[in-house]
Every structure is written in structure tokens, then in C-alpha cells.
Amino acid sequence: MKAWRVHAFGPPEAMIFETVPRPDPGPGEVLVKVHAAGVGPWDGWIRAGRSALPQPLPLTLGSDLSGEVAALGSGISELAVGDQVFGVTNTQFLGAYAEYAVASAGMLARKPSSLSYAEAASVPVIAVTAWQGLFDQARLEAGQTVVIHGGAGNVGAYAVQFARRARLRSIATAGTKDIDYVRALGADKVVDYHTQRFEDEVKDADAVLDLVGGETQTRSFQVLRPGGKLISAVSQPDQDRANHHGVSAAFFLVEVTTERLRKIAELIDRGELKTRVGAVLPLADAREAHMMLEGRRPLPSGKIILNVEASGEVTPAA
């Protein structure tokens, strides 16, 4: 089979499209005939050797995927050969940029029936990150206020939609061109970070979901109420600063599970969540996708998808 491999960490040019043996699933694993694979910033970090996780070389890039179950390892009863699935390969976030990928059964679920394979591959990591940040980390409940930084981004767009559905009051930050989009997703208030300072617009929030990091994260402490929570999916917050403001602060890594994927799939099939695919490229053009991640090509609004099917199922850009 064909797969995108990295033998030495580096820029997109370090990626090699080569023929490798088709893998076999072990206990608790599923072999997926990949129809589409998602491309995310974490793929670029892994390729460049900047992953927070140890990544032995050589490796096959990619984690988000959708496709059909081609074979089952031992100990699996909830999936069958031929099932349409979506999810993530494994806790190392490796293996999806290929014609076949081995995935942990506990990180897969049946694909939302209302989505194409390309749309389904856009969902897992970013939607679960938003879910985890709001409900498992911040533990927000109806009526509470959350500030969502990067509301127009891939994770932020799901966070805004989840917040609306959970009856949270959401204040999202976004650029001028994205204000209408974020408002349409359900944000109660949108702060234009080009023209406004969010700390002048927000006080006593119950939580901040930080999807931006850097100076934005640092400035976020002052918009929280005493006892509030700053939750970051980007970087470890400053604990001294958190103590000074009387709040808690945490960084988390996404944990994609069958249970979370099922909940999200149900919401999608009920029409309660919108996906956003920004660009669909053939698998052979994965290096171009990484050029987009690096800013060497225009970065689309929405998720970048690699179409692995030979027949070429393509979802129009959103």
C-alpha cells in the first residue's frame, strides 16, 4: 500500500510517499480501509519533531480518519468487517495518511450517516477537543459563562456550538471577517480581536477555553471570576499567575474515545452540529497540505482533508 512516511524530522519536504507493507491488526485493533484522512497542526508538529509525545522513526503520519473496517484483531465484538467508521488511529497520532491504517477499536465509532467520508474525517480530534475542554475539564453547566478564544477556528467552531446546545453563555473571540460566522454558530457575544481587547469586554467569566495560547492566554486570567478555570488545549498555563488571580489553570491533551465519538455522531445526525471542510486534496498531495499548515500556501478556513479513495469522493470546499 502507499503511505506518507517520515524517516527524518524536518519540513514538508521530509515527507516521502512510498510503498509499505499493509499492516495487520493486533488484539483490540481494527484494520481500516482509509477513505479520508484529516490534516491537523499536530501532524506538522510530529513531522517536524516537535511532538509532546515520543515519536520513533520511521513513522507514518496522520491520526484522523474515516473508512471501512477491512479486518478485526482479536477481542472485538462491537464492529464488523464492512462497517463505516470514523475516529483516530492511536494515542501516538500516527498511521492515517495511508491506504490502510490500524486503529485502536476504543478510538473508533460508526461514521455519522449524514456525513461523507471526507466530512467525517474532519471531525474526531477537533470536536472531541472542544467537548473535553468544556465539559470534562472546565465542567461547565447551563447558565455559566465561557470565553472561547479562536471561535472561528476548527476546535473553536465546535466549542461555540457545544456551548449553545448546553445553554452556556459563550463569548468568543474572532477576527473581523469571521464575526458573522461565529455569531451564526451560536455565540452570545463575539469580540473582534482586531479592534477590541477582550479583557475590556468580559468580566467574571466562569471559564476560558484557550485555543490560541501566548499573550492571549496570559491576558485571560484577568477575565475570570475568583475560582474560575482557564483550560488550554495549546500550552501549559502559568500556575503562579493562576494562583495570583485565585483561579485554576490546566493544559490537556485530547483523548478520543468511542463513547465521545458516538455522542458527537448522534448530534451531527440530528442536525445539531455543523462540520466545516476547508479543502480536500488527493492523498498524493499530502505534502501540499503540510505547506498550508506551514503558511507556505494559503490556509483554508476549515479542516484540510486527504481523499484516499481511488474513486475520488470530493466534498466541495465550505
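Residues numbered from 1 in each chain as written. Predicted model: local features only at pLDDT ≥ 70, side-chain atom pairs only at ≥ 80, totals over all residues. Heavy atoms only, no water.

1. A few points about the overall build of the protein
Phase 1: The number of helices and strands found in the protein is 10 helices and 16 strands.
Phase 2: Considered along the principal axes of its C-alpha atoms, the protein spans approximately 55 × 40 × 35 Å.
Phase 3: Out of the 318 residues belonging to the protein, those deemed buried represent 55%.
Phase 4: The contacts in the protein between residues at least 6 apart in sequence include a share of 65% that link residues at least 24 apart. (Helix = DSSP H or I, 4+ residues; strand = E, 2+ residues; numbered from the N terminus. Buried < 20%, exposed > 50% of the residue type's maximum accessible area, 1.4 Å probe, protein only. Contact = heavy atoms within 4.5 Å.)

2. A closer look at helix H1 (residues 41-48)
Phase 1: Turning to H1, its buried residues number three or more, namely Trp 42, Asp 43, Gly 44, Ile 46 and Arg 47.
Phase 2: Of the residues one or two after H1, Gly 49 is the one with positive phi, at around 80°.

3. Some thoughts on empty space enclosed by the protein
Phase 1: The final tally for this structure, using the stated rule, is one cavity of 30 Å³ or more.
Phase 2: Within this model, the largest cavity holds a volume of roughly 70 Å³.
Phase 3: Forming the boundary of the largest cavity are Ser 122, Ile 126, Asn 154, Ala 157, Tyr 158, Gln 161, Tyr 181, Lys 274, Thr 275 and Arg 276. (1 Å grid on protein atoms, 1.4 Å probe; cavity = no way out; pocket = protein on both sides within 12 Å on 5 of 7 lines; lining within 4 Å. Points joined across faces, edges and corners; volume = space filled by probe spheres on them.)

4. Describing the pairing of strand S13 (residues 224-232)
Phase 1: By the bridge criterion, five bridges tie strand S12 (residues 205-210) to S13 in an arrangement that is parallel. Paired with Ala 207 across the strands is Lys 229, a residue of S13.
Phase 2: In the classification by handedness, the crossover that spans S12, the intervening helix H7 (residues 214-220) and the parallel S13 is right-handed.
Phase 3: Strand direction decides the pairing type here: S13 and strand S14 (residues 248-251), joined by four bridges, are parallel. Within S14, the position partnered with Ser 232 by the bridge is Phe 251. (Pairing = 2+ DSSP bridges. Right-handed = clockwise from strand over helix to strand, strands pointing away.)

5. Considerations on the environment of Glu 29
Phase 1: Looking at the secondary structure, you find Glu 29 in strand S3 (residues 29-39).
Phase 2: Residue classification places Glu 29 among the partly exposed positions, given a relative accessible area of 28%.
Phase 3: Counting along the chain gives 60 residues from Glu 29 to Thr 89, while the straight-line C-alpha distance between them is 9.3 Å.
Phase 4: Leave out the neighbours within four places in its chain, and Glu 29 touches Asp 24, Leu 72, Gly 73, Ile 76, Val 102, Ala 103 and Ala 105.

6. Structural notes on the packing of aromatic side chains
Phase 1: Within the structure shown, the criterion is met by five aromatic pairs.
Phase 2: Consider the rings of Trp 4 and Phe 17, whose centres lie 4.8 Å apart with planes at 15°: the pair is stacked. Of this pair, Trp 4 sits in strand S1 (residues 2-6) while Phe 17 sits in strand S2 (residues 15-19), placing them 13 residues apart in sequence.
Phase 3: Of the residues examined, Phe 17 reaches a relative accessible area of 27% and is grouped as partly exposed.
Phase 4: Ring centres 5.3 Å apart and planes at 90° place the aromatic pair Trp 131 and Phe 162 in the edge-to-face group. (Phe/Tyr/Trp six-rings, centres within 6.5 Å; stacked < 30°, edge-to-face > 60°.)

7. Some remarks on the pattern of salt bridges
Phase 1: Enumeration according to the criterion identifies 18 salt bridges in this entry.
Phase 2: Ionic pairing is found between Arg 47 and Glu 294, a salt bridge with its closest N-O pair at 2.8 Å. Of this pair, Arg 47 sits in helix H1 while Glu 294 sits in the loop between helix H10 (286-293) and strand S16 (303-307), and the two are 247 residues apart along the sequence.
Phase 3: By relative accessible area, which is 1% here, Arg 47 ends up buried.
Phase 4: Two residues, Glu 199 and Arg 219, come together in a salt bridge whose shortest N-O distance is 2.9 Å. Of this pair, Glu 199 sits in helix H6 (residues 198-201) while Arg 219 is found in helix H7, placing the two residues 20 residues apart along the sequence.
Phase 5: Here the residues in one salt-bridge network are Arg 197, Glu 199, Glu 215 and Arg 219, joined through shared partners. (Salt bridge = Lys/Arg side-chain N within 4 Å of Asp/Glu carboxyl O.)

8. Things to note about the side chain of Gln 217
Phase 1: Along the chain, Gln 217 turns up in helix H7.
Phase 2: Of note is the side chain of Gln 217, whose polar atom sits 3.2 Å from the side chain of Ser 235.
Phase 3: Here Gln 217 is in contact with Asp 210, Leu 230, Ser 232, Ser 235, Gln 236, Pro 237 and Asp 238, once residues within four sequence places are set aside. (Polar contact = N/O pair within 3.5 Å; in protein donor to acceptor, adjacent residues only side chain to side chain.)

Interpretation in functional terms is not warranted from these geometric data alone.
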